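As a plain string of letters, each chain reads:
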Amino acid sequence: MLGWGVDRLRADMSRLLAILFHQGVLDEQFLQLQQLQDESSPNFVSEVVNIYFHESEKLLRNLRGLLLDREFSDYKKMGIHLNQFMGSSSSIGAKRVRNVCVAFRAASEQNNRAGCLRALELLEHEYCYLKNKLHELFQMEQQRVLAAGVRYPLHQQL
Amino acid sequence: MGSNSIVSNRWMSEKMNCLDLSPNSNSDNEEEEVHVLAVDDSLIDRKVIERLLKISSCKVTAVDSGWGALKLLGLLDDDEEDKSSSSSSSSSSSSAGFEGLKVDLIITDYCMPGMTGYELLKKIKESSSFREIPVVIMSSENVMARIDRCLEEGAEEFIAKPVKLSDVKRLRDYYMATREIRSVQSSSNVNKRKLQESFDVSTSSSPPSISPSPSPSSASPPSLFSSSAPCSPSSLDSPTRRIKMTSFD
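Residues numbered from 1 in each chain as written. Chains lettered and ligands numbered in written order. Predicted model: local features only at pLDDT ≥ 70, side-chain atom pairs only at ≥ 80, totals over all residues. Heavy atoms only, no water.

- The name that an unreviewed UniProt entry assigns to chain B is Response regulatory domain-containing protein, with the source organism given as Populus tomentosa.

- Going by an unreviewed UniProt entry, chain A carries the name Histidine-containing phosphotransfer protein and comes from Populus tomentosa.
- Note on chain A: under the UniProt heading Function (unreviewed entry), the record states "Functions as a two-component phosphorelay mediators between cytokinin sensor histidine kinases and response regulators (B-type ARRs). Plays an important role in propagating cytokinin signal transduction." (UniProt positions renumbered as here; feature names shortened; annotations may be inferred.)

## Side note on the packing of aromatic side chains
And step 1. One pass over the structure, following the stated rule, counts seven aromatic pairs over all chains.
And step 2. Measuring from ring centre to ring centre gives 6.4 Å for Tyr52(A) and Tyr127(A), while their planes differ by 55 degrees; the resulting arrangement is tilted. Placement of the pair is Tyr52(A) in helix α3 (residues 44-68) and Tyr127(A) in helix α6 (residues 113-148), with a sequence separation of 75 residues. In this structure, Tyr52(A) and Tyr127(A) share a single accessibility class: buried.
And step 3. Considering the side-chain rings of Tyr174(B) and Tyr175(B), the 4.6 Å spacing of their centres and the 65 degrees angle between planes classify their relative orientation as edge-to-face. This pair shows no difference in class: Tyr174(B) is buried, exactly as Tyr175(B) is.
And step 4. Put simply, the rings of Tyr52(A), Phe53(A), Phe85(A) and Tyr127(A) touch in pairs and so form one group of aromatic residues.
And step 5. Lys131(A) extends its terminal NZ or CZ atom over the ring of Phe53(A), reaching a point 5.5 Å from the ring centre.
And step 6. One Lys or Arg, Arg51(B), reaches over the ring of Phe44(A) and ends 6.0 Å from the middle of that ring. (Phe/Tyr/Trp six-rings, centres within 6.5 Å; stacked < 30°, edge-to-face > 60°. Helix = DSSP H or I, 4+ residues; strand = E, 2+ residues; numbered from the N terminus. Buried < 20%, exposed > 50% of the residue type's maximum accessible area, 1.4 Å probe, protein only. Lys NZ or Arg CZ within 6 Å of the ring centre and 35° of its normal.)

## With respect to the UniProt feature "modified residue: 4-aspartylphosphate" (unreviewed entry) in chain B
All names here are of chain B.
And step 1. Per the UniProt record, "modified residue: 4-aspartylphosphate" (unreviewed entry) is found at Asp109.
And step 2. With respect to the element layout, Asp109 can be found in strand β3 (residues 105-109).
And step 3. Setting aside its immediate chain neighbours within four residues, Asp109 contacts Val39, Asp40, Asp41, Gly117, Met138, Ser139 and Lys161. (Contact = heavy atoms within 4.5 Å.)

Dropping the structure here:
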């Protein structure tokens, strides 16, 4: 019965990952991260992703703070935040978030405040979706590990 | 190269990250691991590149800035020593070794606050003791002007981010193969006569594929790797991902 739970969880995780890939939420860089996880670094993916969450939320707060300031004009600073966000998103395979950053950056380069505000909303939405799904994934992994009684590297899922 | 190995052993004991090696008898090519200095201001990218390198059996030291890299290498204090006479045994390479890390390869992000990867590259190539260390630039933006500038300044390669395992493995293979040549170059300042003797012996017979053909006193070897070709772009990866200098400069 434990074995059935493990298999079921494994299948659910695979399905979720497949959906996220199909939706373009994640790309192959995420798979690359999973390849870097092994017995010597069994929590690598969640560690990196948690750093990403932490940094991203700070960046989003900064972006929002900049844009909602009535006297805002520092598009250059916004560009710096966006470059950082783009880079880290690309590094973990967060494709859709990264693409929104690209559009956001284009709006900021045109000093298009309304466009930036729209992009920010979209960015926050995409980021939330990504975060929720990755949390789901990590929860499933934790359950699977508990059910299995031993720790398997995540990459064995695929 | 007896005295060279004594110096290297002293270097090793003073390094922050000690390589777990048995003492070298004759040359540095017995070290199995490539030691890479990774420079990136992004914590995530540092974690990823660190892991990529470790999984590829490289020793890695990661820093978050160009200045941090220069400090670790011991390059910041080195400028004065370069200019002064190097007739004593404290020639630039060995004195830097006492203060700084010995690395085989530097991989740096291009876009960093403070000192960009390009500026770091320049500083390294301007240093007589460090210019032979290969520098690889990583960037998420593949702007041709940027790439050209880096290659002109002496970067070995320009790699598109996100960096993949295949990129790192390829780098590692290449720099393992070229390490022996570089260790010969850097030790040529320390013990020329002994090298001259050993090369007289080796060049009299037909040299193996990686041994340097020019005399040790020359500044840099010509392209030596036509036989071992780990660097030929077509064989390894899509051309868009990397741009490679064909001669080791």
